[in-house]
Every structure is written in structure tokens, then in C-alpha cells.
Amino acid sequence: LCLVPQQVGKGELRKIPVPANRYTPLKENWMKIFTPIVEHLQLQIRFNLKTRNVEIKTCKETKDLSALTKAADFVKAFILGFQVEDALALIRLDDLFLESFEVTDVKPLKGDHLSRAIGRIAGKGGKTKFTIENVTRTRIVLADAKIHILGSFQNIKMAQTAICNLILGSPPSKVYGNIRAVASRAAERF
Amino acid sequence: AIQAIQGIQTCLRVAGAAAARPECFLSVQDGLAADFRAMTKTLYDLNKGNNIVRGGPLKELVIENFDEEQIWQQLELQNNAVLDFFKKSIARDAEDEDLCLLSDQEDDGSDAETSSGKELEDNIMEAETEQMNVYTKDKDKTKAKEKQSKLRESLMQKYSDEDSDIDFDIEALEQQAKTAKETTLRKKERKSVVDDKFFKLAEMEAFLEHAEKEDKEEEDDDDINYFEDIISDDEEDSEEDQVKPIKSSRDMTYKDFFDPVDDDDGDDDLAANDAEEDQEEEADSAIEEQNEESMSEFEDMDEMMEHMKSKEASKKVTFSLPDDSETEDVTEVQLEKGINPSEIKSSFEQRQEKMSKKIKSLEEALLEEKPWQLKGEVTGQKRPENSLLEETVFFDHAVRMAPVITEETTFQLEDIIKQRILDEAWDDVVPKEKPKEEAFEYKKRISLDHEKSKLSLAEIYEQEYMKLHQQKTEEEENPEHKEIQEMMDSLFQKLDALCNFHFTPKPPVPEIKIVSNLPAISMEEVAPVAVSDAALLAPEEIKEKNKAGDVKTDAEKTATDKKRELRRKKLRKRMRRREKEKRQKLLEKMKPEQGTKLSKKAAAAKLKRLTKEGKASLLKDEGKDKALKSSQAFFSQLQDQVRMQIKDASKLKKKQKKEKAISVHKLKL
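Residues numbered from 1 in each chain as written. Chains lettered and ligands numbered in written order. Predicted model: local features only at pLDDT ≥ 70, side-chain atom pairs only at ≥ 80, totals over all residues. Heavy atoms only, no water.

J.: What am I meant to see in the overall build of chain A here?
T.: The helix and strand tally for chain A stands at 9 helices and 7 strands. Residue burial in chain A is summarised as follows: out of 190 residues, 49% are buried. Pairs at least 24 residues apart make up 55% of the contacts formed inside chain A by residues separated by at least 6 positions. (Helix = DSSP H or I, 4+ residues; strand = E, 2+ residues; numbered from the N terminus. Buried < 20%, exposed > 50% of the residue type's maximum accessible area, 1.4 Å probe, protein only. Contact = heavy atoms within 4.5 Å.)

J.: Would you take a moment to explain the overall build of chain B for this structure?
T.: Summing up its helical and strand segments, chain B has 24 helices and 0 strands in all. Taken across its 669 residues, chain B has 23% of its residues classed as buried. Restricting the contact set of chain B to residue pairs at least 6 apart, pairs at least 24 apart contribute 67%. Accessible area for chain B stands at about 52,600 Å²; split by element, carbon and sulfur atoms hold 55% of it. (Areas by Shrake-Rupley, 256 points an atom, 1.4 Å probe, with all protein chains shown as cover.)

J.: Just checking my understanding: could you explain the pairing of strand S3 (residues 43-48) of chain A for this structure?
T.: Residues in a regular strand point their side chains to alternate faces of the sheet. Residues and elements named next belong to chain A. Where S3 meets strand S4 (residues 53-58), 6 bridges bridge the pair, whose relative direction is antiparallel. Paired with Ile 45 across the strands is Ile 56, a residue of S4. Counted along the chain from S3 to the antiparallel partner S4, the turn is 4 residues long, and its residue Arg 52 has a positive phi close to 55 degrees. (Pairing = 2+ DSSP bridges.)

J.: Any chance you could explain the environment of Ala89(A) here in plain terms?
T.: If you trace the backbone, Ala89(A) turns up in helix H4 (residues 84-92). Counting along the chain gives 62 residues from Ala89(A) to Gly151(A), while the straight-line C-alpha distance between them is 8.8 Å. Among residues more than four places away in sequence, those in contact with Ala89(A) are Leu96(A), Leu457(B) and Ala458(B).

J.: In this structure, what is going on with unusual backbone geometry? I would like to understand it.
T.: Glycine aside, residues mostly have negative phi, and peptide bonds are mostly found in the trans state. Positioned with a positive phi, Asp144(A) is a non-glycine residue whose angle comes to about 50 degrees. Here Asp144(A) shows up in the loop between strand S6 (139-143) and strand S7 (146-152). Taking relative accessible area as the criterion, Asp144(A) reaches 62% and is therefore assigned exposed. One non-glycine residue, Glu424(B), lies in positive phi territory at about 55 degrees.

J.: For this particular structure, what's the right way to read the nonpolar core?
T.: Considering soluble globular proteins, one finds that nonpolar side chains tend to be buried as a cluster. Residues and elements named next belong to chain A. In this structure, Ile 33, Ile 37, Val 54, Ile 56 and Val 75 are the most contacted members of the largest nonpolar core, which totals 33 residues. No other element matches helix H3 (residues 66-80), which puts 9 residues into this core. When residues of this core are sorted by domain, at least three fall in each of domain 1 (13-92) and domain 2 (96-188). Other than its neighbours up to four places away in sequence, Val 75 contacts Ile 16, Ile 33, Ile 37, Ile 45, Val 54 and Ile 56. Counting 26 residues, the second-largest nonpolar core is a separate cluster that includes Ile 132, Ile 140, Ile 147 and Ala 186. (Core = buried A, V, L, I, M, F, W, Y, C linked by side-chain atoms within 4.5 Å. Domains from an automatic or database assignment.)

J.: Looking at this model, I keep getting lost on the pairing of S6(A). Mind explaining?
T.: All names here are of chain A. Sheet analysis places S6 next to S7, joined by 5 bridges and oriented antiparallel. Bridge pairing in S7 places Ile 140 opposite Ile 149. Once S6 ends, the chain turns through 2 residues before running back antiparallel as S7, passing Asp 144 with a positive phi of about 50 degrees.

J.: Explain the sheet that holds S6(A) to me, please; I cannot follow it from the model alone.
T.: Strand pairing in a sheet is mediated by backbone hydrogen bonds. Such pairs are either parallel or antiparallel. Residue and element names in this part refer to chain A. One open sheet holds the 3 strands; their spatial order is S5-S7-S6, and the pairing between them is antiparallel. In this open sheet, the two strands that pair with only one neighbour each are strand S5 (96-102) and S6. For this sheet, the mean angle separating the axes of adjacent strands, direction not counted, is 15 degrees. (Axes fitted to C-alpha atoms, helices over the stretch in contact; angles between N-to-C directions.)

J.: How do you make sense of the packing of aromatic side chains when you look at a structure like this?
T.: Given two aromatic rings, one states the distance between the centres and the angle between the planes to describe the pair. Taken as a whole and assessed by the stated rule, the structure comprises 5 aromatic pairs over all chains. Between the aromatic rings of Phe634(B) and Phe635(B), the centroid separation amounts to 5.3 Å while the plane-to-plane angle is 70 degrees, which identifies the pairing as edge-to-face. The positively charged end of Arg52(A) is found above the aromatic ring belonging to Tyr23(A), 4.3 Å away from the centroid. Seen from the ring of Trp372(B), Arg383(B) lies directly overhead, with NZ or CZ sitting 6.0 Å from the centre. (Phe/Tyr/Trp six-rings, centres within 6.5 Å; stacked < 30°, edge-to-face > 60°. Lys NZ or Arg CZ within 6 Å of the ring centre and 35° of its normal.)

J.: Just to check I follow, could you spell out a nonpolar patch on the surface for this structure?
T.: All names here are of chain B. Side chains of Ile 484, Met 488, Leu 491, Phe 492, Leu 495 and Leu 498 sit close together on the surface and give an oily, nonpolar patch of about 590 Å² of accessible area. Turning to its location among the elements, Leu 491 is positioned in helix H18 (residues 479-499). On the basis of relative accessible area, Leu 491 is assigned to the partly exposed category, the value being 46%. (Patch = residues over 30% accessible without salt bridge, like charges linked within 9 Å, V, L, I, M, F, W, Y side chains within 5 Å. Salt bridge = Lys/Arg side-chain N within 4 Å of Asp/Glu carboxyl O.)

J.: Would you explain the pattern of salt bridges in this entry?
T.: When their charged atoms lie close together, side chains carrying opposite charge are able to pair. For the structure shown, the criterion picks out 16 salt bridges over all chains. The residue Glu133(A) makes a salt bridge to Lys129(A) at a minimum N-O spacing of 3.4 Å. In this pair, Glu133(A) and Lys129(A) both sit in helix H7 (residues 127-136), 4 residues apart, roughly one turn of the helix. Lys129(A) gets classed as buried once you look at its relative accessible area, which sits at 17%. Salt-bridge contacts for Arg420(B) lead to Asp427(B); the nearest nitrogen and oxygen are separated by 3.2 Å. For Arg420(B), a relative accessible area of 36% translates into the label partly exposed. On the basis of relative accessibility, which here comes to 55%, the residue Asp427(B) falls in the exposed class. It is possible to trace a salt-bridge network through shared partners that takes in Asp86(A), Lys129(A), Glu133(A) and Arg139(A).

J.: Sorry, what's going on with a negative patch on the surface here?
T.: A cluster of acidic residues, Glu205(B), Glu209(B), Glu212(B), Glu214(B), Asp215(B) and Glu217(B), forms a negative patch at the surface. By secondary structure assignment, the location of Glu214(B) is in helix H8 (residues 201-220). (Lys, Arg positive; Asp, Glu negative; His and termini not counted. Charge placed at Lys NZ, Arg CZ, Asp CG, Glu CD.)

J.: Sorry if this is basic, but what is going on with the confidence of the model for chain B here?
T.: Fine structural detail should not be taken from predicted coordinates in areas where pLDDT scores are low. All names here are of chain B. Scored by pLDDT, chain B has a mean of 72; 59% of the residues are at 70 or more. The weakest mean pLDDT in chain B belongs to helix H4 (residues 105-117) at 45; the strongest belongs to helix H15 (residues 407-423) at 94. Under a pLDDT of 50 for its full length, residues 154-167 has, in the predicted model, 28 contacts with residues more than four places off or in other chains. The model gives residues 236-243 a pLDDT under 50, and that stretch makes 17 contacts with residues more than four places away or in other chains. In the predicted complex, the global pTM is 0.32; the interface-specific ipTM is 0.78. (pLDDT = per-residue confidence, 0-100.)

J.: Please explain the packing of helix H6 (residues 112-122) of chain A against H7(A) as it appears in this structure.
T.: Residue and element names in this part refer to chain A. Between H6 and H7, the least distance of the axes is 5 Å, while the angle of their chain directions is 50 degrees. The angle between H6 and H7 falls in the class oblique. Each of Arg 120, Ile 121 and Ala 122 in H6 lies in contact with H7, whose residues at this interface are Lys 127, Thr 128 and Lys 129. For the contact of H6 with H7, the residue count by class is 2 nonpolar, 1 polar and 3 charged. (Parallel < 35°, antiparallel > 145°, perpendicular 65-115°, else oblique. Nonpolar A, V, L, I, M, F, W, Y, C, P; charged D, E, K, R; others polar.)

J.: Just checking my understanding: could you explain the packing of H7(A) against helix H8 (residues 153-168) of chain A for this structure?
T.: To describe two helices that pack against each other, one gives the angle between their axes and the distance between the axes. Residues and elements named next belong to chain A. Orientation of H7 relative to H8, taken along the N-to-C sense of each, is 155 degrees, at an axis distance of 9 Å. In this view, H7 runs roughly antiparallel relative to H8, as classed from their interaxial angle. Judged by the sense of rotation from one axis to the other, the crossing of H7 with H8 is right-handed. Residues Thr 128, Ile 132 and Thr 136 of H7 touch H8, and the partners they reach there are Asn 155, Met 158, Ala 159, Ala 162, Ile 163 and Leu 166. For the contact of H7 with H8, a count of residues per class yields 6 nonpolar, 3 polar and no charged. (Left-handed = near helix turned anticlockwise from the far one by under 90°.)

Right, here's the structure in full:
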């Protein structure tokens, strides 16, 4: 996704394409999405049905230039698969980031091994994924071979490490131990 | 009579000669002793010849080959008899009112004066004549008595001194006699109940009377008689003031100051009566008699000694000197043994002797080798066997002594026990569980929530933010409170440790050591972390290793793995089955009805029964029992089934046709 700012008139415009599988959730959560953008960020948003893009535009009322980036990130996060409330944190907090990488980036895996790796990441009923999310205070989206992590920089790193370990084959219990240690240290520091 | 005179003369002569040279008595004089013995015998025989005085059984004194003791015994026999006689006569004479006890001062003084002036031989001569008179007069008895008494008194006087030199001086004897007279005079009074050794009621009354008289006299007499002796109030004197014979201070004895302690009444009466008699007679006679007494003293000295000695000892006043009892014994022993008087030592000398002996013994002890008790460390070999048992040893007890169990203590204990039982306050020990807090467990406590978090990310961060800002305000608690709390906690912990029997100390708080499981380099890198396997915690620490090793899928398992798994599975099943059977058996035993319901055997048996009875019928699955493994088998079975159905149907049709044909044929005919 390349978000090339297009200058439409005096304001800037951002376009976020929406894949077909996210179309319905977008429709369902449209209210929740556009309300904070329009009210808090004072931006203009629309969904272009023909191009299947969500377009966000600045207007006169926009006070903050960074608001557009935030809004674009917010919508993008939702499109990737995050919950609206989780993605909303992007608007509220400045220092949240979104990290994406693929499983094959970490280790070239094919076929069953890939599936197993994904299975390891997810865990039984998503247990492992949730554990990592809770310990590291991030949100993870596991979309087949792609992994998206939302959180602060440190936490992203922790979660990333954990996921990478899982991909590489360490059992979940070991990963738990590691992330717990790191997380506790990080928590104590603050 | 002439014989008697001669005998006496010789005796006197010999005695005088001996007395003239008293220094010879410092050594033993065998010759003189023999002479004296002879004299004793002659006097005894003379006395015996005179039948006025009834004496002892022996007619004559036997001295040949006789020991001193034996001679004395004979004399004693005589004296005992004589004494009784004397007592009776004195008692008679005392009642005689013609006799007067009072004596003049001048007489005494003259006595004193004349005694010093007279020579020995004159006295002897006069004594001789008097002796004659003695035996002829009626009052010879009393004289004889006097003899004895004076001798006694003199002896008393002598042996009351503990000087080594005994006075054979006649003058001394006379003085003694005078004092004896005076003392005896005072004892004429009667006895009363209150009297004891030192106090006499009669004496006190006499003194009071005298005092009253003095008062009266003072009223009459204005002149003071300067030549009178001033009598001290202590002395109880009757009207006859007597001048005490002037003694030199060196010769003063207890007797001069105090009355002899009398416990023998007879003697006193005797003495008193004797004194009376003496006063009547002229002084010279008294002296002469005394002189004679002195002669006979030599003979009778020994005989009287035994008598006197016992009385001496009782009448003596003893001072509480440490060695006095010993000295007394010594003197008595000496007397008994008849040791030469020159060897008798004074009390001071004896004490000195003893002191020196003690000192000597102490010195010897100091110079000797010390006993083992006083030597420092003594091992068992250095001291005699079992010697410690006889010693009382002091040592410090390092531990508290065990309590002495008495009845009281047991009662107390029982009371406590009863009360505890009533209160049900038992001292049961609570089983302690060791808290298994390993590092692993501790880590797990940082909760791992395996579920999807209910809070959205935004809310989480919000909470975090709030916490951060609130902590700052809350941390500023009162530091003093904190300090106090800490101090109290530590104090209470210590107290608990001291007083609690079942105190279990707190388990050591596991130190939280932050082990970063990443190599140091990775922490500091800015760039994304390079994944590495290097971990500080061993994997077994985090999770226990599976015995089988790595988790394998079915495709990855080797033959041995599969077989192993199979074996395990079978084992588990076997165990479960056995447990089930056990439970079944138990159930059957306990509740037989329930047991039969559930068992398979029971069910099969039931089924059989039912089928036999005809209530139930078993459905038979012929074709369906077989397992269809391949499609060919399935289709062939299907074909067979269809064929069978067709056959059955066709058979049925044929049967029906056959039945119809028969009927038609029947009808046609």
C-alpha cells in the first residue's frame, strides 16, 4: 500500500484500498470509524465504492496536519484486521506504531512447515497469540503468512521477538518465559 | 605412857631435823621416807593404844613390804572411823551452851605475834604437854577433831595455791588457821531454802542487823575510833570485828576475798565447831597444836591428800582459760601419780607449751608436700583411687538443673492438663508444608492471560498512563510511618522467633534477579533485534523436558517411537481396566444389586435368559456384520442382496401361479 498524498485542491487526500474480505466489516463499523475522524480530527472521509477506497481529506477545520496521518493509519489498521477500538489507540496516542512482516521473512518455510509455524504462532484457540498480546501490550493480527503488530515501539520489538522465536521453532512455553522476563523488566523500568 | 612419850620425842626430833633442812626435799630422800614411815607407825600404834578414840579395825599399822598405797589405805580405814566419832562429839558439844564461840581480837593478835616469836622446840615441848593433856581431858575429842580439821584446812590452803613451793612454814600455817577460823565462824548460821553456793539468807539477815546496829551506834558514838579497821560492806561480820591477819599482797588468794564455796555441810559444821573450841583455849596451845599438826602433816599429808583432792577440785574456782581444763587434768594426774611438786607447771607455762607445739605442727605441715587437693590440675593417676568421691567438689553448672519432681509439681501439671482438656486448647503441631517456590513458579505468577483481552489497546494504554501519573502522588506517604512500620515488623519477627515453639522462619524471599535472556549486545542495539537462540535460562528451567524428547508428528516417528507409544497406551489401558474391575468387585460385594446392572457379563447373561424365555429375539445381521473393505466387495454384496430379493419375489410369484393352476385344473374336471 502506498499512500501517496495527493493534493486535491488545498487539502491533502489519502486513499486506503479495502480488500473484499474487509468490505463487510467496514460497512458494519463505518459509524465507529468515521465518527472519531470527523469529530476529533476534523477530517473528511468517504468510501469510494467504485474504486473501493476509503478516502480521507483535510478541510478547513483541520487544525493538525498530523491528523491526516493518524487517520490514515487508523483506517489502515482497521483494514488490516485490527478491531476498531484497538485501532482507535493510534489516534489517541502518538507513539503507537504498526509493524508488519511475513513469516517467510524470518525463515524460508514451505507447505506444512509454514502451516505449522502459523499454527505455533496462533496456538490452540489463539491462546499463544493472546498471551503475547497481553504480556507485551500489543495487538497482533495473524493473516495467513503475514503478521501485523500494533503497539509502542518497545512492545512491538518484544512481540516481534516472541513471534520470531515461535516461527523458528521454539515451544510456546519457552517463548512465554522469555517474554515474561523481558516484559517484567520493561515494566519495572517505568 | 613412857613409851609413848619416848616415841613422840623421837618423832619430833626426826621431823624437826628434816624440817630444818627443807632443801633436801627437792630430791627423793629414801632414808627420810623410811624414817617417816616408822614414825607413822609409832604414832598410829600410840593412838591405837589410847582407847578413848574408837578407830578402825586394824590394831597396828603394817608397813613392812607395804606399798605407799597400802599404807594409805590402812590410815584411811582408821580415819573414817575416827571422823564419825568426831562428828558426833562435835554435834554434842555444839549444843553445849557453856562453850563460847567468840574470841577476842587480842588473843588473835597475840597469837599472831607469839607465833612468829616462838621457837620450834618450845612449841614442841608445849605441844607435848598438851598432847598429854589432850589424851586425858574430856575435850580431847574435840582437839583431835581440830587436828584433822586444821590439817584439812591447811592442805586446802596449800593446794589452792598452784605455786610449786609449798610452805612448811609454821607461820603460814598459823595464818591459815586464823583465816580458817574466821571463815568457819561465819558459817554458824542456819540453812534456808533460798541458799545456794554463794548466797545465804542467814548471812544477809546478819548483815542487815549489823547495819541497823551501826546506825544505832552512830547515834551514840560521836568519836571515831581511828584504830579500828574499816570493814567493807561486802563482808558479813558479826559484832566481833576481827582484824584480818595482815598478809602480803603476794600471798593474797581467792580465799582472802571470797568465802569458799561450800557444798559439804558436814565439813563446815565441823570446822565451825573446831573454831569455837580453839577460841576458848589459849593461843599458844593452838599454835602448839598447829605445830604438832605440821609434824603429823608429813605423815598424814599423803593420807589426807586423797580426801582433799576431790574436794579441792570441786571447790576451786576455775577461769575459762582455754587450757585450764587441761591444766586441771594435768595437775590431777600429777597428783595422782605422786609426781614431785617441783615439776608442776603454771597455767601460763602450759599454755605456752601448747602454743609452741601447735606452731611446730603448723610449720611442719607447711614444709611438707601439699595434699593433692591443693595441687592445681590433678589427673586420675595423681590422686588416690576414688578420692574424689570423698571430696565435695564445687563446679559451675552450665545447664539448668532438671526440676525436682515432687508431689506438688505433679499436681500442678495435672491441673494444667485438666484445664487444657476442658478448654480443648491442644498443642497439636500443624503440619508444615514447604512452600515450593522455585524461580519458575515465581515467574509464572506474572500472570499469563491466555484469553483475548477484554480491554482494547487504547484503554490499556489509558490505564497505564493513569497509573503512572497517580503513582507519583501516592508515593509521598509519610516516611516516618514507613520507618515505624518497618521497625515494628522486624521487632515482631524477632519476638516470634524467640517465644514461639513451633516457629517457622519465613522462607527466604527469592531475590528477583532480572536475568535478561538476551545477550547484552542485543539490548543495546537500536536496530531490530537479530534473532538468536542464546538464552540465559536453560530450557529445562522453563519447562520440563518431555521424556520422549521432541514432540513428533506421526510422519516423523520412527518404528521404535510408535511401538513405545503403543506400549504405553496398552499399559494405561490395562491399568484402567484393572481398576475398573476392582471397583466392580467392590461394588458387587457392597451392593450386589447395583453391581449386576453394569457388568457386561451380567448383561450377556440376562440377554441369554430372555432369548431362551422367548421374550426377546436377537436380530441377525448376516450381510452387514462383515466389514466392507473394498468397493468390489461392497458391490458384490449389493448385487447378491438384489439377486436374493429378486429370487424371493419370483419364488413368491411362482408359488402363487402354482396355486392358481391347481385350482383351474380342479375346476375343469
